[in-house]
Amino acid sequence: MHGPMALFGVGDIPSRITRSQLLAATRVSPSGEDWLVRTDNGSLTLRPFASIMSESYRLYQTVES
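About the cut-offs
Residues numbered from 1 in each chain as written. Predicted model: local features only at pLDDT ≥ 70, side-chain atom pairs only at ≥ 80, totals over all residues. Heavy atoms only, no water. Phe/Tyr/Trp six-rings, centres within 6.5 Å; stacked < 30°, edge-to-face > 60°. Helix = DSSP H or I, 4+ residues; strand = E, 2+ residues; numbered from the N terminus. Buried < 20%, exposed > 50% of the residue type's maximum accessible area, 1.4 Å probe, protein only. Salt bridge = Lys/Arg side-chain N within 4 Å of Asp/Glu carboxyl O. Pairing = 2+ DSSP bridges.

Engineer: Where do I start with the packing of aromatic side chains in this structure?
Structural biologist: Any pair of aromatic rings gets described here by the distance separating the centres and the angle formed by the planes. Throughout the structure, instances matching the rule amount to three aromatic pairs. Centre to centre, the rings of Phe8 and Phe49 are 5.4 Å apart; their planes meet at 50°, and the pair counts as tilted. Separated by 41 residues along the polypeptide, Phe8 in strand 1 (residues 7–10) and Phe49 in the loop between strand 5 (42–48) and strand 6 (57–58) bring together distant segments of the chain. On the basis of relative accessible area, Phe8 is assigned to the buried category, the value being 11%. For Phe49, a relative accessible area of 48% corresponds to the partly exposed category. Ring centres 5.7 Å apart and planes at 75° place the aromatic pair Phe49 and Tyr57 in the edge-to-face group. Through a chain of ring-to-ring contacts, the aromatic side chains of Phe8, Phe49 and Tyr57 assemble into a single cluster.

See the structure below:
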């Protein structure tokens, strides 16, 4: 069980992400910390800050409605 957490986009960030795509994010595995967002231009991996190693990351995403 988790409370609110900030998830950072890691790796390549798709150029177009919609609100509904972000809200449909799914956990990659039940015991893992990664979340996956499927977009029209590929996928976006979201990860809590404490789990980010040497990847490039971004907290704020440009989102279309």
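Engineer: Just checking my understanding: could you explain the pattern of salt bridges for this structure?
Structural biologist: It is possible for side chains of opposite charge to pair when their charged atoms get near one another. For the coordinates displayed, the defined rule picks out four salt bridges. Among the salt bridges present, the one from Arg16 reaches Glu64, with a minimum N-O distance of 2.8 Å. A residue pair is termed long-range when its members are at least 10 positions apart, and Arg16 in the loop between strand 1 and strand 2 (17–18) and Glu64 in strand 7 (residues 63–64) qualify at 48 residues. What makes Arg16 partly exposed here is its relative accessible area of 31%. Between Arg47 and Glu55 there is a salt bridge, with its nearest N and O atoms 2.5 Å apart. The exposure class of Arg47 is buried, given its relative accessible area of 13%.

Engineer: Is there a simple way to think about the pairing of strand 5 in this case?
Structural biologist: Here is the key point about a regular strand: its side chains alternate between the two faces of the sheet. When strand 1 meets strand 5, the two strands line up antiparallel, connected through four bridges. Bridged to Leu7 within strand 5 is Pro48. Of the strand pairs in this sheet, strand 4 (residues 35–39) and strand 5 are connected by five bridges, and their pairing is antiparallel. By the bridge assignment for strand 5, Thr39 is matched with Gly42.

Treat this as a map of the structure, not an account of what it does.
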